[in-house]
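# Examination of the molecular architecture
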Amino acid sequence: QVQLVESGGGLVQPGGSLRLSCAASGIIFSTNAMNWYRRAPGKQRELVARITSGFSTNYADSVKGRFTISRDNAKNTVYLQMNSLKPEDTAIYYCNVVVSGSQYYWGQGTQVTVSS
């Protein structure tokens, strides 16, 4: 059974930082690309960042230079370091993995609120 458990969200002031974590189980973590998505109020779900099994990374234009995705295969965990946070980063952030090209798994989400 695949499980993804996010943590690390919260309330932060503009310009602040947060680090999200996603602990995975039930998959061979090191062989899978891992993704972070977000859904802001009234908006569609957006792919924020992706890290492949080979540690290549991709980012949405809106977060480039501010967010960093990383992974620790020994801990089966993927991270999202978020710096210089803006109010428009407010959203529920979800960890995601796609297994065998077609099986999508999601975490429960963690709320990030950027507000003064």
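Right above here is the structure, for reference.
Notes on the structure in this doc start here. (Residues numbered from 1 in each chain as written. Predicted model: local features only at pLDDT ≥ 70, side-chain atom pairs only at ≥ 80, totals over all residues. Heavy atoms only, no water.)

### Concerning the environment of Thr-31
For clarity, the threshold we go by: In DSSP terms, a helix is any run of H or I states spanning at least four residues, a strand is any run of E spanning at least two, and both are numbered starting from the N terminus. Only protein chains enter the accessibility calculation, which uses a 1.4 Å probe; a residue is then buried when its area is under 20% of its type maximum, exposed when over 50%, and partly exposed in between. Counting of polar contacts relies on pairs of N or O atoms within 3.5 Å, with two restrictions inside protein: one atom must be capable of donating a hydrogen and the other of accepting it, and residues adjacent in sequence are counted only when both atoms are side-chain atoms.
Relative to the helices and strands, Thr-31 resides in the loop between strand 3 (18-25) and strand 4 (34-39). Taking relative accessible area as the criterion, Thr-31 reaches 52% and is therefore assigned exposed. Along the backbone, Thr-31 and Asn-96 are 65 residues apart, and their C-alpha atoms lie at a distance of 14 Å. One polar contact links Thr-31 to Asn-32, side chain to side chain, over a distance of 3.5 Å.

### A short note on the pairing of strand 3
Test applied: One requirement defines pairing of two strands: DSSP has to find at least two bridges between them.
Pairing of strand 1 (residues 3-7) with strand 3, which is carried by 5 bridges, proceeds in the antiparallel orientation. Its bridge partner being in strand 3, Gln-3 is matched across the sheet by Ser-25. The sheet contact formed by strand 3 and strand 8 (residues 77-82) spans 6 bridges and is antiparallel. Considered in strand 8, the bridge of Ala-23 is made with Thr-77.

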